[in-house]
Amino acid sequence: MNNRKEFIFPRRFFWGASTAAHQVEGGTTNDWSEWEKSEKRLKHLKKLKLIEQYGEDNFISGMGTGHYTRFDGDFKMAKEMGHNATRFSLEWSRIEPEEGKFNEKELEHYHDVIRSARRNGLEPFVTIWHWPIPLWLRDKGGWNSKDAPKYFARYAERVIGVLGGDVKFWITLNEPQVYTAESFLLGEWPPQKINPFSYLKVFHNLIKAHIAAYKIIKKKHPAAQIGIASHNMHFDASRRSLTGHIFKAAADWWWNFYFLGRISDYQDFIGLNHYFHKKMDHWWSKKEKEIFSDMGWRLHPESMYHVLMDLRRFGKPIYITENGLADAGDIKRPWFIVETLKQVHRAIENGVDVRGYLHWSLLDNFEWGEGFWPRFGLIEIDYRTLERKMRPSAHLYRDICLRNGVTEELVERYKNLL
Ligand code: IFM
């Protein structure tokens, strides 16, 4: 890294933060909410002694953060925090609680959410599906059903019919790679069944679903910008390890590029969710000093640069739709944000067309299989009162958003946090 001190981003860069319905709204009824309470799930948690450690409530999404009714206040806070964009998801089970029957009130609710975002100066990036599915679809086999892409297309068509005029940026699917792996390879998420055949089938159904939805949206709104949020990792192989390089090539091919490659004629941008740095070296390779999040994820800001450089091959604009860390004490977040943004800037200087950065997350939230204990929010939630409080890193990030980058003066001002 050179010694420069000013990292100013392109004009009209989007700054903001992301959420997902099931993680923040509260009061959802879908395959996840049911699975959270299931015997099978509880047995697994007990076996791992997780209930003893965190308590049963930690693993039940319940009222979430109450964002379903508090979205307007949350967006006001985002505005105060200097954001000019926001990403959130629609909850399929609210919109289509019964097969083929759409709930107009819920669609109107999301219309209100979009209007509120715009009133607060936030460009909405709307995710159509961020993991849970309605119970009727679960009962038909979920994404394993051969008709699942058709069901998704029908849902997307209805959503676009009502909300299409007010949204420019659509994200059809969130992290298909993670969803399929957690659900069917690791068996850690609903339906909690390891099955490599289902893994491949669901993966391919998601490709079909995206393409079908893309065509529907484009037909109605040709100016809409459509992509997925792809979970890309930095597979890092040392120069001397041949096996490391072979594993890296295979992992890049399948995990990072396969899905994006299959939909490359049907995407206007790439949404990048980036969290992980995976070493593909031998265990005896030289150890560097390492920093970890509360969840034990290695924090490696430089990975962002490599992941962005690798995405140049698709020749599409990139919006970073997620990046962040669980850090209850807000000790590492300020450093992590500043260092990661320097790497984004470095990629832009090297020709990558990055147009926005949406931090994960706006709010503390329900972190899926882990529950509520990991704290990802720029805004801290007191789960007893649902009171919101900006963390120090939210102030730092606000000043970055308002300056459109990381300046020397800003680093000086926040040096106690960095
Ligand atoms: O909380 C998740 C989010 O729903 C999808 N991307 C990764 C985040 C952190 O694990």
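The preceding data block contains the structure.
Residues numbered from 1 in each chain as written. Predicted model: local features only at pLDDT ≥ 70, side-chain atom pairs only at ≥ 80, totals over all residues. Heavy atoms only, no water.

1. Here's the deal with the side chain of Thr-340
No. 1: Mapping Thr-340 onto the fold places it in helix 14 (residues 333-349).
No. 2: Looking at Thr-340, the relative accessible area reads 1%, which means it is buried.
No. 3: Of the polar contacts made by the side chain of Thr-340, one reaches the backbone oxygen of Phe-336; its length is 2.7 Å.
No. 4: Apart from residues no more than four positions distant in its own chain, Thr-340 is found in contact with Pro-301, Met-304 and Asn-323. (Helix = DSSP H or I, 4+ residues; strand = E, 2+ residues; numbered from the N terminus. Buried < 20%, exposed > 50% of the residue type's maximum accessible area, 1.4 Å probe, protein only. Polar contact = N/O pair within 3.5 Å; in protein donor to acceptor, adjacent residues only side chain to side chain. Contact = heavy atoms within 4.5 Å.)

2. Digging into the site of the ligand
No. 1: The immediate surroundings of the ligand are formed by Gln-23, His-130, Trp-131, Asn-174, Glu-175, Tyr-275, Trp-297, Glu-322, Trp-360, Glu-367, Trp-368 and Phe-376.
No. 2: Side-chain polar atom of Gln-23 to an oxygen atom of the ligand: 2.7 Å apart, as the coordinates give it.
No. 3: When the ligand is considered free in solution it has 280 Å² of accessible area, and contact with the protein chains removes 96% of it. (Near = heavy atom within 4 Å. Areas by Shrake-Rupley, 256 points an atom, 1.4 Å probe, with all protein chains shown as cover.)

3. As for the packing of aromatic side chains
Ring pairs (aromatic) are described by centroid distance and by the angle formed between their planes.
No. 1: Under the counting rule described, the total for this entry stands at 47 aromatic pairs.
No. 2: Pairing Phe-14 with Phe-169 gives two aromatic rings, centres 5.7 Å apart and planes at 80°, and the pair type is edge-to-face. Note that Phe-14 is positioned in strand 2 (residues 14-18) and Phe-169 in strand 5 (residues 169-174), a separation of 155 residues in sequence.
No. 3: Here Phe-169 falls in the buried class, since its relative accessible area comes to 2%.
No. 4: Taken together, the ring pairs connect Trp-92, Trp-129, Trp-136, Trp-143, Tyr-151, Phe-152, Tyr-155 and Tyr-179 into an aromatic cluster.
No. 5: The ring of Tyr-68 carries Arg-94 above its face, with NZ or CZ at 3.9 Å from the centroid. (Phe/Tyr/Trp six-rings, centres within 6.5 Å; stacked < 30°, edge-to-face > 60°. Lys NZ or Arg CZ within 6 Å of the ring centre and 35° of its normal.)

4. Focus on the pattern of salt bridges
Close approach of charged atoms allows side chains of opposite charge to pair.
No. 1: Evaluated as defined, the whole model comprises 34 salt bridges.
No. 2: A salt bridge links Glu-99 to Arg-154, with the nearest nitrogen and oxygen atoms 3.7 Å apart. One end of the pair, Glu-99, is in the loop between helix 6 (92-95) and helix 7 (104-119); the other, Arg-154, is in helix 9 (residues 148-163), and 55 residues separate them in sequence.
No. 3: With a relative accessible area of 35%, Glu-99 lands in the partly exposed category.
No. 4: The exposure class of Arg-154 is partly exposed, given its relative accessible area of 30%.
No. 5: Each of Arg-398, Asp-399, Arg-403, Glu-409 and Arg-413 takes part in one network of salt bridges that share partners. (Salt bridge = Lys/Arg side-chain N within 4 Å of Asp/Glu carboxyl O.)

5. Thoughts on helix 14
No. 1: Taking 1.5 Å of rise per residue, 17 residues should cover 24 Å, and helix 14 covers 24 Å from first to last C-alpha, within 8% of that figure.
No. 2: Of all 17 residues in helix 14, 13 are buried; the element is thus mostly enclosed.
No. 3: Once helix 14 ends, the next one or two residues include Gly-351, with phi positive near 95°. (Expected span 1.5 Å × (residues − 1).)

6. Focus: the side chain of His-210
No. 1: The residue His-210 is located in helix 11 (residues 196-220) in this model.
No. 2: For His-210, a relative accessible area of 0% gives the class buried.

7. So, the packing of helix 14 against helix 15 (residues 392-403)
No. 1: At a minimum axis separation of 9 Å, helix 14 and helix 15 run at an interaxial angle of 25°. For the element pair helix 14 / helix 15, the angle class is roughly parallel. The handedness of the crossing between helix 14 and helix 15 is right-handed. From helix 14, Arg-333, Pro-334, Ile-337, Val-338 and Leu-341 reach across to helix 15, where they touch Ser-393, Leu-396, Tyr-397 and Ile-400.
No. 2: Partitioned by chemical class, the residues of the contact of helix 14 with helix 15 number 7 nonpolar, 1 polar and 1 charged. (Axes fitted to C-alpha atoms, helices over the stretch in contact; angles between N-to-C directions. Parallel < 35°, antiparallel > 145°, perpendicular 65-115°, else oblique. Left-handed = near helix turned anticlockwise from the far one by under 90°. Nonpolar A, V, L, I, M, F, W, Y, C, P; charged D, E, K, R; others polar.)

8. Overview of unusual backbone geometry
No. 1: Cis geometry marks the peptide bond from Pro-190 to Pro-191; its omega dihedral reads 10°.
No. 2: With respect to the helices and strands, Pro-191 occurs in the loop between helix 10 (176-185) and helix 11.
No. 3: Here the bond from Trp-360 into Ser-361 is cis, since omega is 15°, no more than 30 degrees from zero.
No. 4: Along the chain, Ser-361 turns up in the loop between strand 11 (354-360) and strand 12 (379-382).
No. 5: Phi at Arg-12 takes a positive value of approximately 60°, unusual for a residue other than glycine.
No. 6: A positive phi angle, close to 40°, is found at Glu-175, a residue other than glycine.
No. 7: You can see Glu-175 is positioned in the loop between strand 5 and helix 10.

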